[in-house]
Amino acid sequence: GQQVMQIPQYQHVQEGEDFTTYCNSSTTLSNIQWYKQRPGGHPVFLIQLVKSGEVKKQKRLTFQFGEAKKNSSLHITATQTTDVGTYFCAETSNTGNQFYFGTGTSLTVIP
Amino acid sequence: NAGVTQTPKFRVLKTGQSMTLLCAQDMNHEYMYWYRQDPGMGLRLIHYSVGEGTTAKGEVPDGYNVSRLKKQNFLLGLESAAPSQTSVYFCASTLGRGWNGELFFGEGSRLTVL
């Protein structure tokens, strides 16, 4: 079942401030994916991390996978109102058949 | 190319009624999933399928049944709806094994059980 814990549950930031959400697991993850869900929308894939210590960037978003592959983070630099939504991490089962999602972090950006 | 399509998008049921949610994908994906989303609980896996004719239980399968008679379709059934099944349901699909690809989601089906 679900093994990833995601924090914080909610985050309110002023526009221009940075934002970070964390996913932590008690077991070693084979990979981790990140998704964004806009209010009223559906989750949309952002990125997948596979390697220990991996760091990937997408414009203002930076994704990291821990050295022990037990944690991951998503950092947004200088938030914009377009960043509003809920960010989820997701792990796959050992068989690769199942995707388990964290509880998500809801980001509100105050203009 | 519509991606993943869910029908209906909204439905109101009375306790004890039955219904079926349909998920259709046109990307020739092998794996398909049904999730439910409730406030503060993220997305929880109900059932999934790794190919035509196969289904398996996820985290919260009780009260639901599924069928995958055709590769492109994955049906989620509620035999006797309960208020606890009020939720937003998402269907998703992916080409193959988890570490090879992303999940593509439908737009969701909002179900209310009175």
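Not measured: the values here are computed from a predicted model. (Residues numbered from 1 in each chain as written. Chains lettered and ligands numbered in written order. Predicted model: local features only at pLDDT ≥ 70, side-chain atom pairs only at ≥ 80, totals over all residues. Heavy atoms only, no water.)

1. Structural notes on the sheet that holds strand 8 (residues 73-78) of chain B
Residues and elements named next belong to chain B.
Okay, step 1: Across the sheet, which stays open at both edges, the 4 strands sit in the order 1-3-8-7 with antiparallel pairing between neighbours. Here the strands that pair on one side only, and so sit at the sheet edges, are strand 1 (4-7) and strand 7 (65-67). Averaged over neighbouring strand pairs, the angle between their axes works out to 20° when direction is ignored.
Okay, step 2: By the bridge criterion, 6 bridges tie strand 3 (residues 19-25) to strand 8 in an arrangement that is antiparallel. Bridge pairing in strand 8 places Leu 21 opposite Leu 76. (Pairing = 2+ DSSP bridges. Helix = DSSP H or I, 4+ residues; strand = E, 2+ residues; numbered from the N terminus. Axes fitted to C-alpha atoms, helices over the stretch in contact; angles between N-to-C directions.)

2. Digging into the state of the cysteines
Residue and element names in this part refer to chain B.
Okay, step 1: Counted under the stated rule, the structure contains 2 disulfides over all chains.
Okay, step 2: Disulfide partner of Cys 23: Cys 91, at an S-S distance of 1.9 Å. Because the sign of the S-S torsion sets the handedness, a value of about -75° for the bond joining Cys 23 and Cys 91 places this disulfide among the left-handed ones. Here the residue Cys 23 occupies a position in strand 3, and Cys 91 occupies one in strand 9 (residues 87-94), the gap between them amounting to 68 residues. No difference in accessibility class separates Cys 23 from Cys 91, as the two residues are buried. (Disulfide = S-S within 2.5 Å. Buried < 20%, exposed > 50% of the residue type's maximum accessible area, 1.4 Å probe, protein only.)

3. Examining unusual backbone geometry
Okay, step 1: Here the bond from Ile 7 of chain A into Pro 8 of chain A is cis, since omega is -5°, no more than 30 degrees from zero.
Okay, step 2: Along the chain, Pro 8 of chain A turns up in the loop between strand 1 (4-7) and strand 2 (10-14).
Okay, step 3: The omega angle of the peptide bond from Thr 7 of chain B to Pro 8 of chain B is -10°, so this bond is cis rather than trans.
Okay, step 4: Among the structural elements, Pro 8 of chain B can be located in the loop between strand 1 and strand 2 (10-13).
Okay, step 5: Positive phi is not limited to glycine here, since Ala 78 of chain A has a value of about 50°.

4. Structural notes on the sheet that holds strand 8 (residues 71-76) of chain A
Residues and elements named next belong to chain A.
Okay, step 1: Taking strand neighbours across the sheet as the criterion, the 5 strands line up as 1-3-8-7-6 in an open arrangement whose pairing is antiparallel. What marks the edges here is a single partner per strand, and that holds for strand 1 and strand 6 (55-58). Each neighbouring strand pair of the sheet contributes to a mean axis angle of 15°, computed without reference to strand direction.
Okay, step 2: Summarising the sheet, strand 1 and strand 3 (residues 19-25) pair through 4 bridges and their orientation is antiparallel. Bridge assignment links Ile 7 to a residue of strand 3, and that residue is Tyr 22.

5. Some points on the interface of chain A and chain B
Okay, step 1: Between chain A and chain B, the contact holds 26 residues from the first and 24 residues from the second.
Okay, step 2: Counting each side, the surface lost to burial between chain A and chain B is near 1,900 Å², with a carbon and sulfur contribution of 56%.
Okay, step 3: Where the side of chain A that touches chain B is concerned, the elements lending two or more residues are strand 4 (32-37), strand 5 (44-49), strand 9 (85-92) and strand 10 (99-101) of chain A.
Okay, step 4: Considering only residue class, the side of chain A that touches chain B consists of 7 nonpolar, 19 polar and no charged. (Contact = heavy atoms within 4.5 Å. Buried area = accessible area lost by both parts, 1.4 Å probe. Nonpolar A, V, L, I, M, F, W, Y, C, P; charged D, E, K, R; others polar.)

From the geometry alone we can't say anything about function, so treat these as descriptive.
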